Amino acid sequence: MFSSYDVIVVGAGHAGCEAAAAAANMGSKVLLVSMNLQTIAQMSCNPAMGGVAKGQIVREIDAMGGYSGIVTDKSMIQFRMLNKSKGPAMWSPRAQNDRMLFAAVWRNMLENTPNVDFYQDMVTGLLIEDQSVTGVITGMGNRIKSRSVVLTNGTFLNGIIHIGEKQFGGGRMAEKAATGITEQLRSLGFESSRLKTGTPPRIDGRSLDYSKMEEQPGDEHPTGFSYLNVPLPSKQKSCWITYTNPQVHDILKTGFDRSPMFAGRIDGTGPRYCPSIEDKLNRFADKDRHQLFIEPEGWNTIEIYVNGFSTSLPEEVQYEALRMIKGFEHFKAFRPGYAIEYDYFPPTQLKHNLETKILNNLFLAGQINGTTGYEEAACQGLMAGINAHQKINYLDHVILDRSEAYIGVLIDDLISKGTEEPYRMFTSRAEFRTLLRQDNADLRLTEKSHRLGLASAERLKAVDIKKNEVKSISGILNDFSIAPELAEPFLSEMNLSPMLQKQKAASLLLRPNVSISIISEGVPALKEKLKPFSPDSLEQAEIQLKYDVYIKKEKELVKRISQLEQLSIPETFDYDRLSALSTEALIKFKKIKPRTLGQASRISGVNPTDIQILMVFMGR
């Protein structure tokens, strides 16, 4: 019945969809297997993409030729650029999405991607020969052959849903858990553990009183995620902000004795940076209120997502507490919040290409690796799909450095440090975040992706145009002189000191809060010269000129650190020969098998002395 495939992707969440698209677009014959083909790319939790550091990841996926940015732009109902009051390294795009449209667009794009086949069934095991994966076994007894397999099981592996004292198997509400894979991998020597995540109640938006909440509109001029300039919606939907209060907290506490988290019924560790409301009350006992974001789920639905109220408390406690929130006095619930506990495999068991160390041609991506969030999952799926294709075609694996992409930071963190709690990306995790901005992901990654055959010629052409425009704009600003009397009106309005003599536009741009648009409005001749250039190129030129000194410093730091990254450690290196290594370093080096001295230096518990010993022994 089944032909043989190059890549089988198990699971059709964000990681699975990106993995299937990447491998197929590079030329592999792909089978995407899901327990329910009606839930492809479902937004299981909040209907949003991006946010702090996550938005940078989505733009990187897009620059690499992935689909997440395009799908987000086509289904967004609101767009906001976060942290605009800070420097460009902190700017982070975020979109609210139409949940159903998002999944529909993803499915449509996959169905229109040549080389992707679909099949609905549960994968219960792997076919293995000589320490290599050769296919999958399904719940209906099918044995489907493939040259590689990408596991993107999300929260489905032995998933258990908790609501108060009730618990039942499931990978999502109303969807059954997946069994068999954990048990087989453990029998082969893999380590697994448990994590938990949660989701808030869903509410009937018609029952809320928005007049008691703060409105949060989208940006006046949304920019979107994709570098392909996907048409954005002409209108946007507002979100709303309200708050919990001491009365809400008191009611919630009445359910603590029946909380699965506090009663010990949940073994898995929850997300530190997206805690449940009961966890917030426990950890931040001094706070008398917590912010809640009231997010619409789409253009044509009344369903509302209560961001900030994730909970697994008993239903009646959830609803009684919600009624005490401003605007929720007469709310009606669609469904309660719940926690879900699931298996994951500590990612130190992976190589940097996301292939497992124990089994050849088996790749893991997404929450199975201990991450949280659509964006973190999607970028892993992209890289796993790329590397599965590369591996079976005897091509070099593709690894993004920490200085190249947030994707590189995320994967290196997982492989080098592991994680015992759901991993979430932040700008603070990236030591080179001045270089890894959301505005330049195309300049950083598209050329590399195009060489792989993933990013289209259209994308590469757009990058070349942008590079040339930025160069031209910089040249104009460095050559164009501005007289003091032309600058005086906008400088005085901004309470900045006046110019005493003529100054180049590029120099004037270095002043606080002075932008190309402000200078152009005051200097018509300059405005005319800059008229042919796109807003994207103008912004890029401005950032490069304003932050040139910081960018140069960071590039110099990258250059120095890259010396350690270039010192490779053979996979067969015998660490037992280094008697001077600390016991912790010896154990972790043998377990993780770092590929470079740079990676070795980032392993938690390894100190500089251990690295010096390793360096001396290797002849450096």
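Residues numbered from 1 in each chain as written. Predicted model: local features only at pLDDT ≥ 70, side-chain atom pairs only at ≥ 80, totals over all residues. Heavy atoms only, no water.

**Student:** An account of helix α17 (residues 535-546) is needed here, citing residue identities and associated values.
**Tutor:** Its 12 residues give α17 an end-to-end C-alpha distance of 16 Å, which sits within 8% of 16 Å, the value for a rise of 1.5 Å per residue. Taken residue by residue, α17 has Ser 537, Leu 538, Gln 540, Ala 541, Glu 542, Ile 543 and Leu 545 as its buried positions. The inward-facing, buried residues of α17 abut α11 (441-452), α12 (457-479), α15 (516-522), α16 (524-530) and α18 (548-565). (Helix = DSSP H or I, 4+ residues; strand = E, 2+ residues; numbered from the N terminus. Expected span 1.5 Å × (residues − 1). Buried < 20%, exposed > 50% of the residue type's maximum accessible area, 1.4 Å probe, protein only. Contact = heavy atoms within 4.5 Å.)

**Student:** Please set out the packing of helix α2 (residues 54-63) against helix α9 (residues 374-392) residue by residue, giving values where relevant.
**Tutor:** The N-to-C vectors of α2 and α9 enclose an angle of 25°; their axes lie 9 Å apart at closest approach. Our classification of the angle between α2 and α9 gives roughly parallel. For the pair α2 and α9, the crossing hand works out as left-handed. Touching Lys 54, Ile 57, Val 58 and Ile 61 of α2 are Glu 375, Glu 376, Ala 378, Cys 379 and Leu 382, all from α9. (Axes fitted to C-alpha atoms, helices over the stretch in contact; angles between N-to-C directions. Parallel < 35°, antiparallel > 145°, perpendicular 65-115°, else oblique. Left-handed = near helix turned anticlockwise from the far one by under 90°.)

**Student:** Before we move on, could you go through the sheet that holds strand β3 (residues 48-50) and cite the residues and values that matter?
**Tutor:** The sheet built from three strands is open, its strands ordered β3-β5-β4 with antiparallel pairing. Taken across any chain shown, the strands that pair with only one partner, and hence form the sheet edges, are β3 and β4 (76-82). Taking each pair of neighbouring strands and ignoring which way they run, the sheet shows an average axis angle of 15°. Sheet topology note: the β3/strand β5 (residues 92-97) ladder contains three bridges and is antiparallel. Its bridge partner being in β5, Ala 48 is matched across the sheet by Gln 96. Across the face of the sheet, helix α3 (residues 68-75) comes into contact with β3, β4 and β5 while running at roughly 115° to β4. (Pairing = 2+ DSSP bridges.)

**Student:** Break down the sheet that holds strand β11 (residues 166-169) for me, citing the residues and quoting the values.
**Tutor:** Across the sheet, four strands lie side by side as β11-β10-β19-β12; this open sheet has antiparallel pairing. At either end of the open sheet lies a strand with only one pairing partner, and these are β11 and β12 (193-199). Strand after strand, the sheet turns through a mean of 25° between neighbouring axes, direction not considered. Across three bridges, the pairing between strand β10 (residues 160-163) and strand β19 (residues 338-344) is antiparallel. From the neighbouring strand, Ile 161 faces β19, where its bridge partner is Ile 340.

Function cannot be read off these values alone, since they describe shape.
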